[in-house]
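Each chain, written out:
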Amino acid sequence: MSRPHIAELSVKDLALVSELRLELSPGLTVLTGETGAGKSMLVDALLAATGGRVAAGMVREGAERAKVEAMFAGAGDDLILTREIQLGRAPARLNGETVPLAKLAETGGELVAIHGQGDQLRLARPSVQRDLLDAYGGHDRPRAAVASAHRALQDLIAERAALGGDPRERARRLALLEHEVEEIDRAKIGAHEESELAGALTVARSAERLRASAASVYDVLVGDGAAARDRLAIAARDLGAAAEIDPRLAEPAARLHASVDEVADLGVDLRRYADSIDADPRELSRLESRNDLLAELKRKYGPGLSDVIAYGERAQRELADVSSQEERLARIDAQERDARTALDAAGSALHAARERSVKKLAKRVEAELADLGLERCRFAVALDPAEADACGADRVTFRIAPNPGEPFGPLQDTASGGELSRIMLALEVVLAAEDETPVLVFDEVDAGVGGRLGEVVGRALWTLARQHQVLCVSHLAQVAAYADAHVKVRKEVRGGRTHVVAERLGGRERESELADMLGAGGSSTSLAAGARELQTGAADWKTRTKRT
């Protein structure tokens, strides 16, 4: 068997099991024993090893903790699932490495499906029912088309989210950026305007005083009557005459003469300065308005004009990005409409394929149910609309009507415990080739089944075990006769304590166990003959089935 299978189950201090190591093999293994012998404890142990719920009260009296371990063998490396049960915590391990219990349960759920009264019912989950329907109908291509269309739509939705999320917020941001960029651009801020404007304002606010000061100094230097320039000119002339007498005065005379020219030039500059001063109130108002505008920009984007300019450049770049995003978003809107149309079309094609398969599946399951003694049980598959995802737009629900005149209801809510186990078996037989779970466990699948139907159940289990490892807890010899391996579970008392023991039976031991299971007051000779007859009949049927 290429699929993984349980090669060994080890249990220590779980309920009445003190210590047990059970070797298992591919095919059908049937666990038998008297009522209360502890058969279901081994199912509980396997449930614990695969991450299922186990109460701390299951720890054997006097022990601190219980430990269960399931070793799986297959085409690749062995995999060991380990679980400890103790008060307050339940450590889980995969190949010796501690993992969260959820991880153990995820791995265990992929390896083992346990069917029984009150146990986890994997086939009752809508997602599993959907997957099995698609596998049965061979819906790989339409299912892949739906997944591809859904992925394309999700990629567009993710891209939109990455581009800015809420379109209203994006529109507000775009409007704000446009306003900010336009406001800063309209101001036409010069590189050195801040200092230049400050100087211009200072002058404009004191224009009359500055012009009066310049005019006053001008009058002193070059004005009419006793101006400094005229007096310096007279002094320069007199000192020049003296220098002709004493050459030592030549240098001071030259300097004094030069100062006359300097004063004249200074006077000209002061005249020009005074003429340049504009005391027009309108100019002062213009400068004040400009200063207020720049102050407002600095308040919004500052603190300095250089910061305002830098902010404007950043806003311009972001505006370009947002504008390009808007263009991309417009394209995404169109692409998303196309993607939704494609997803709807793919979902419709998958739905049509499912509709073609549900009747075929229902017919086959009902045929198996009839063989298992539930000939009045009706089975149907409901396809209800659901929000489209990668698996289509259908909610798939397996439904049954156990008795004539009763309405159909969900599988897990309608069947009794015994019925549910047989329904699970019927489904597993029909879907065996498509079900990827390698190990199937049936606890009391033959509850309420008589000897005649027991043979049918045994054949169904053996057929199922050609593609899965199947473990079955049974009380019927007719079922056990079809086992590839037979394990007997019993209790024994040692040292005043009860212990659960499990052992694989050989030929004579197996015949004896089958005879005990037939029981019902018959003679030992007739029971032994009946057991041999069951084994022979099962062996002949297996041989014929293998040949076909």
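Residues numbered from 1 in each chain as written. Predicted model: local features only at pLDDT ≥ 70, side-chain atom pairs only at ≥ 80, totals over all residues. Heavy atoms only, no water.

Novice: What exactly am I supposed to notice about the overall build of the chain here?
Specialist: Of regular secondary structure, the chain possesses 17 helices and 15 strands. Taking 2.2 N^0.38 as the reference for a compact globule, 548 residues should give roughly 24 Å; the C-alpha atoms of the chain span a radius of gyration of 49 Å, well beyond that estimate. Here the chain displays about 28600 Å² of accessible surface, and carbon together with sulfur accounts for 50% of that area. Between the averaged position of the 74 positive side-chain charges in the chain and that of its 89 negative side-chain charges there is a distance of 7 Å. (Helix = DSSP H or I, 4+ residues; strand = E, 2+ residues; numbered from the N terminus. Rg over C-alpha atoms; globule rule 2.2 N^0.38 Å. Areas by Shrake-Rupley, 256 points an atom, 1.4 Å probe, with all protein chains shown as cover. Lys, Arg positive; Asp, Glu negative; His and termini not counted. Charge placed at Lys NZ, Arg CZ, Asp CG, Glu CD.)

Novice: Just checking my understanding: could you explain the packing of aromatic side chains for this structure?
Specialist: Each pair of aromatic rings is reported with the distance of its centres and the angle of its planes. Going through the model one piece at a time under the given rule, you end up with four aromatic pairs. Ring geometry for F379 versus F398: centroids 5.4 Å apart, planes at 65°, classification edge-to-face. Here F398 lies in strand β10 (residues 392–401) and F379 lies in strand β9 (residues 378–389), a separation of 19 residues in the sequence. F398 matches F379 in its accessibility class, with the two residues each being buried. Here a set of aromatic residues connected by ring pairs shows up, and it is made of W462, Y482 and W541. Looking at R466, its charged tip hangs above the ring of W462, at a distance of 4.1 Å from the centre. (Phe/Tyr/Trp six-rings, centres within 6.5 Å; stacked < 30°, edge-to-face > 60°. Buried < 20%, exposed > 50% of the residue type's maximum accessible area, 1.4 Å probe, protein only. Lys NZ or Arg CZ within 6 Å of the ring centre and 35° of its normal.)

Novice: Where do I start with the sheet that holds β9 in this structure?
Specialist: Across a sheet, strands are paired by hydrogen bonds formed along the backbone, either parallel or antiparallel in direction. Spatially, three strands are ordered β9-β10-β11 in an open sheet, and the strand pairing comes out antiparallel. The sheet is open, and its two edges are formed by β9 and β11 (409–410), each paired on a single side. Of the strands in this sheet, β9 and β10 touch helix α11 (residues 305–371), which is tilted by about 165° from β9. (Pairing = 2+ DSSP bridges. Contact = heavy atoms within 4.5 Å. Axes fitted to C-alpha atoms, helices over the stretch in contact; angles between N-to-C directions.)

Novice: Just to check I follow, could you spell out the pattern of salt bridges for this structure?
Specialist: Where charged atoms from two side chains of opposite charge come close, those side chains can pair. Tallied over the entire structure, the rule returns 30 salt bridges. Residues E183 and K300 are paired through a salt bridge, measuring 2.9 Å at the closest nitrogen-oxygen approach. One end of the pair, E183, is in helix α5 (residues 167–187); the other, K300, is in helix α10 (residues 281–301), with 117 residues separating them in the sequence. Classification of K300 by relative accessible area gives partly exposed; the value is 37%. Residue R340 is joined to E336 by a salt bridge in which the shortest nitrogen-to-oxygen separation is 2.9 Å. Here E336 and R340 lie together in helix α11, a separation of four residues that amounts to about one turn. Judged by relative accessible area, E336 falls into the buried class, the value being 11%. One salt-bridge network, held together by shared partners, links R130, D131, D134, R143, R354 and D394. (Salt bridge = Lys/Arg side-chain N within 4 Å of Asp/Glu carboxyl O.)

Novice: Please clarify how the packing of helix α6 (residues 193–205) against α10 should be interpreted in this entry.
Specialist: Any two packed helices are characterised by the angle at which their axes cross and by the distance between the axes. The geometry of α6 relative to α10 is characterised by a closest axis approach of 10 Å and an angle of 145° between their N-to-C directions. Handedness of the crossing formed by α6 with α10: left-handed. Residues E193, E194, L197, A200, L201, A204 and R205 of α6 lie in contact with α10, whose contacting residues are L284, L287, E288, R290, N291, L294 and K298. In terms of residue class, the contact of α6 with α10 is built from seven nonpolar, one polar and six charged. (Left-handed = near helix turned anticlockwise from the far one by under 90°. Nonpolar A, V, L, I, M, F, W, Y, C, P; charged D, E, K, R; others polar.)

Novice: In this structure, what is going on with the nonpolar core? I would like to understand it.
Specialist: Side chains of a nonpolar character, in soluble globular proteins, are inclined to be buried together. Grouped together as the largest cluster of nonpolar side chains are 56 residues, with contacts concentrated most on L361, F379, L425, F442 and L461. The element best represented in this core is helix α13 (residues 417–431), accounting for nine residues. Contacts of L361, omitting those with residues within four sequence positions, involve L133, Y136, F379, V381, F398, V430 and L431. (Core = buried A, V, L, I, M, F, W, Y, C linked by side-chain atoms within 4.5 Å.)

Novice: Would you mind showing me how to read a negative patch on the surface here?
Specialist: Among the surface-exposed residues, D261, E262, D265 and D269 lie close enough to one another that they form a single negatively charged patch. Locating D265 in the fold gives a position in helix α9 (residues 250–276). Accessibility expressed as a relative area gives 45% for D265, which makes it partly exposed. (Patch = residues over 30% accessible without salt bridge, like charges linked within 9 Å, V, L, I, M, F, W, Y side chains within 5 Å.)

Novice: How should I be thinking about α5 in this particular structure?
Specialist: Helical geometry: 3.6 residues make up each α-helical turn, so side chains three or four residues apart lie on a common side. Look at α5: 30 Å from first C-alpha to last across 21 residues, which is about the 30 Å you get at 1.5 Å a residue. Buried within α5 are the following residues: R170, L174, L177, E180, V181, E183, I184 and A187. Where α5 is buried, its residues touch α10 and α11. K188, located one to two residues past α5, shows a positive phi value of around 45°. (Expected span 1.5 Å × (residues − 1).)

Novice: Before we go on, may I ask you to explain unusual backbone geometry in this structure?
Specialist: As a rule of thumb, non-glycine residues mostly have phi less than zero, and peptide bonds are mostly trans rather than cis. Of the consecutive residues G302 and P303, the connecting peptide bond is found in the cis state with omega at 20°. As for its position among the elements, P303 is in the loop between α10 and α11. If you check the backbone angles, N95 has positive phi at about 50° while not being a glycine. Here N95 lies in the loop between β6 (92–94) and β7 (97–99).

Novice: Help me out: how do you make sense of the packing of helix α4 (residues 140–162) against α11 in this one?
Specialist: Remark: α4 packs on α11, axes separated minimally by 8 Å, with the N-to-C direction vectors making an angle of 160°. The angle between α4 and α11 falls in the class roughly antiparallel. In this structure, the crossing between α4 and α11 has a hand that is left-handed. For the contact of α4 with α11, a count of residues per class yields 15 nonpolar, three polar and eight charged. (Parallel < 35°, antiparallel > 145°, perpendicular 65-115°, else oblique.)

Novice: Can you help me understand the state of the cysteines in this one?
Specialist: Applying the stated criterion across every chain, the model contains zero disulfides. Free of any disulfide, C377 has its nearest cysteine sulfur in C472, 19 Å distant. Relative accessible area serves as the criterion here: at 3%, C377 is assigned to the buried category. (Disulfide = S-S within 2.5 Å.)

Novice: It is not clear to me how the sheet that holds strand β2 (residues 17–23) should be interpreted in this structure. Could you clarify?
Specialist: Strand order across the open sheet formed by six strands is β2-β1-β4-β5-β6-β7, with antiparallel pairing between neighbours. The open sheet has two free edges, formed respectively by β2 and β7, since each of these has just one partner strand. Ignoring strand direction, the axes of neighbouring strands in this sheet form an average angle of 20°. Here three bridges tie strand β5 (residues 79–85) to β6, and the two strands are oriented antiparallel to one another. Across the sheet, T82 pairs through a bridge with R93, a residue of β6. Contacting β1 (5–14), β2, β4 (66–73) and β5, helix α1 (residues 39–49) runs over the sheet at an angle of about 105° to β1. Across the sheet, helix α2 (residues 101–111) lies against β4, β5, β6 and β7, angled at about 130° from β5, the strand it touches most.

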